[in-house]
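Each chain, letter by letter, is given below.
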Amino acid sequence: MAPGILLVTHPGIGSALAAVAERLLGRLPLKVEVFEMAYDLDPESALPAASAALRRADGGGGVLVLTDLYGATPANLGARLAHLGTPVRRVSALSLPMLLRVLNYPELPLDELPAVAAAGARNGVVPDDA
């Protein structure tokens, strides 16, 4: 069973990245859910809705949770999601290259996706001296 992807971000980031990925790739090869956390939303009150998004993302192979900023509220909420029973792996510093790289390896198991995500982010940074 393929893993799913949950983008846990500040407002506007996750939905924009998911929309661009879908536009570029067409049909997404993995299930992608987005949970955007409002700036004034209490993390404790956000947990039930985020948990529901996690369950929607899980097709039986666990969920890769990608967050936008390590240490920020969405990343902390992602850490809470990792303790709810669904197999979860987390990576922060979400970027479009990271998301696209993960989506290009839908056959990989959950445990291998964090390294793929990190490689996508690293390889997506290209100084352009032109």
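Residues numbered from 1 in each chain as written. Predicted model: local features only at pLDDT ≥ 70, side-chain atom pairs only at ≥ 80, totals over all residues. Heavy atoms only, no water.

Chemist: Is there a simple way to think about the pattern of salt bridges in this case?
Modeler: Working definition: two side chains of opposite charge can pair if their charged atoms are close together. Scanning all chains against the criterion turns up four salt bridges. Note that K31 and E33 form a salt bridge whose closest N and O atoms lie 3.3 Å from each other. Residue classification places K31 among the partly exposed residues on the basis of a relative accessible area of 43%. On the basis of relative accessible area, E33 is assigned to the buried category, the value being 14%. R89 serves as the salt-bridge partner of D111, at 2.7 Å between the closest nitrogen and oxygen. Separated by 22 residues along the polypeptide, D111 in the loop between α4 (96-103) and α5 (113-123) and R89 in strand β4 (residues 88-91) bring together distant segments of the chain. (Salt bridge = Lys/Arg side-chain N within 4 Å of Asp/Glu carboxyl O. Buried < 20%, exposed > 50% of the residue type's maximum accessible area, 1.4 Å probe, protein only. Helix = DSSP H or I, 4+ residues; strand = E, 2+ residues; numbered from the N terminus.)

Chemist: Looking at this model, I keep getting lost on unusual backbone geometry. Mind explaining?
Modeler: Phi is positive for A93, which is not a glycine, with a value near 75 degrees. When its relative accessible area of 46% is taken as the criterion, A93 is described as partly exposed.

Chemist: Even after reading the chapter, I still don't get helix α2 (residues 43-57), so can you show me in this structure?
Modeler: An α-helix turns once per 3.6 residues; consequently, residues spaced three or four apart project the same way. The terminal C-alpha atoms of α2 lie 20 Å apart, and with 15 residues this matches the ideal 21 Å at 1.5 Å per residue to within 8%. Its maximal kink placed at A49, α2 deviates by approximately 30 degrees. Of all the positions in α2, only A46, L47, A50, S51, A53, L54 and A57 are classed as buried. In this structure, the buried side of α2 is in contact with β1 (4-9), β2 (32-36), β3 (63-67), α3 (73-81) and β4. (Expected span 1.5 Å × (residues − 1). Bend = angle between axes of the 7 residues up to and from the residue. Contact = heavy atoms within 4.5 Å.)

Chemist: Would you mind going over a nonpolar patch on the surface with me for this structure?
Modeler: Together, V20, L24 and L25 make up an exposed nonpolar region whose accessible area comes to about 240 Å². Within the secondary structure, L24 is located in helix α1 (residues 13-25). For L24, a relative accessible area of 55% puts it in the exposed group. (Patch = residues over 30% accessible without salt bridge, like charges linked within 9 Å, V, L, I, M, F, W, Y side chains within 5 Å. Areas by Shrake-Rupley, 256 points an atom, 1.4 Å probe, with all protein chains shown as cover.)

Chemist: Explain the side chain of S51 to me, please; I cannot follow it from the model alone.
Modeler: Along the polypeptide, S51 turns up in helix α2. A relative accessible area of 13% places S51 in the buried class.

Chemist: How do you make sense of the sheet that holds β4 when you look at a structure like this?
Modeler: Through backbone hydrogen bonds, the strands of a sheet pair up, either in parallel or in antiparallel fashion. Taken in spatial order, the four strands of this open sheet run β2-β1-β3-β4, and their pairing is parallel. Edge positions in the open sheet fall to β2 and β4, since each of these has one partner strand only. The average undirected angle you get between the axes of adjacent strands in this sheet is 20 degrees. Note: β3 against β4, four bridges, orientation parallel. Residue pairing for β4: V65 is matched across the bridge by R90. Contacts from α2 reach β1, β2, β3 and β4 within the one sheet, and its direction differs from that of β2 by about 170 degrees. Docked against the sheet, α4 engages β1, β2, β3 and β4, running at close to 170 degrees with respect to β1. (Pairing = 2+ DSSP bridges. Axes fitted to C-alpha atoms, helices over the stretch in contact; angles between N-to-C directions.)

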